[in-house]
Amino acid sequence: MDQRRSTAEGDMLAQGRIADTAGSRAGSRAEDRFEDRFDDEDYPAYSMGAAAEMLGVSPSFLRALGAAKLIEPIRSSGGHRRYSRYQLRLAARARELVDQGTPVEAACRIIILEDQLAEALRINNARDRPAGH
């Protein structure tokens, strides 16, 4: 999968999960919905301020990653950017590359290619495994 799970597919996943965790699952217990959020790496749990603080970057750095199409945060109902753990991992990798002197746009492209390669390897490994293993 392309690194940007937050684009078309990621938006569908996140929107489905947001709606799901908002109580649309009939007959589900509230604890189950709450627990799902802890394990969901695509759940947009972090505000821009919290994400920037966790990564040791400025909010403008996160906006630059969005402009470079590395991560596209989900918007809250109030229009605030919200980031998932998956997006924070991508942003942390971008920060590593930028700290090493790589321009932001190049860092984003490198991360996109790394993620595409990892996904292709995962698919190939799954295909090579015999059924049931």
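Thresholds applied
- Residues numbered from 1 in each chain as written.
- Predicted model: local features only at pLDDT ≥ 70, side-chain atom pairs only at ≥ 80, totals over all residues.
- Heavy atoms only, no water.
- Helix = DSSP H or I, 4+ residues; strand = E, 2+ residues; numbered from the N terminus.
- Expected span 1.5 Å × (residues − 1).
- Buried < 20%, exposed > 50% of the residue type's maximum accessible area, 1.4 Å probe, protein only.
- Core = buried A, V, L, I, M, F, W, Y, C linked by side-chain atoms within 4.5 Å.
- Salt bridge = Lys/Arg side-chain N within 4 Å of Asp/Glu carboxyl O.
- Axes fitted to C-alpha atoms, helices over the stretch in contact; angles between N-to-C directions.
- Parallel < 35°, antiparallel > 145°, perpendicular 65-115°, else oblique.
- Left-handed = near helix turned anticlockwise from the far one by under 90°.
- Contact = heavy atoms within 4.5 Å.

Draft legend 1. Geometry of helix α6 (residues 104–128). Compared with an ideal rise of 1.5 Å per residue, which puts 25 residues at 36 Å, α6 spans 36 Å between its outermost C-alpha atoms and is within 8% of the ideal. Considered for burial, the residues of α6 that qualify are V104, A107, C108, I111, I112, D115 and E119.

Draft legend 2. View of the nonpolar core. With 22 residues, the main nonpolar core has L62, L65, L70, I71 and Y83 as its most contacted residues. Breaking this core down by element, the ones donating at least two residues are α3 (48–55), α4 (59–67), α5 (85–99) and α6. With six residues, α5 is the single largest residue contributor to this core.

Draft legend 3. Inspection of the pattern of salt bridges at higher detail. Tallied over the full model, the rule gives five salt bridges. E41 is the partner of R89 in a salt bridge, and the nearest nitrogen-oxygen pair spans 2.4 Å. Pair noted here: R89 is in helix α5 and E41 is in the loop between α2 (30–39) and β1 (46–47), with a separation of 48 residues, a long-range link. Take E41: its relative accessible area is 23%, and that puts it in the partly exposed class. In this structure, E119 and R122 form a salt bridge, with 2.6 Å as the shortest nitrogen-oxygen distance. A residue pair is termed a helical-turn pair when its members lie 3 or 4 positions apart in one helix, as E119 and R122 do in helix α6 at three residues. We classify E119 as buried; its relative accessible area is 17%. Each of R93, E96 and E114 takes part in a single network of salt bridges with overlapping partners.

Draft legend 4. Main features of the packing of α5 against α6. Their axes nearest at 9 Å, the elements α5 and α6 cross at an angle of 130 degrees. Overall, the two elements α5 and α6 adopt an arrangement that is oblique. Crossing of α5 against α6: the hand is right-handed. Every residue of α6 that contacts α5 at Y86, L90, R93, A94, L97 and V98 is listed here: V104, A107, I110, I111, E114 and D115.

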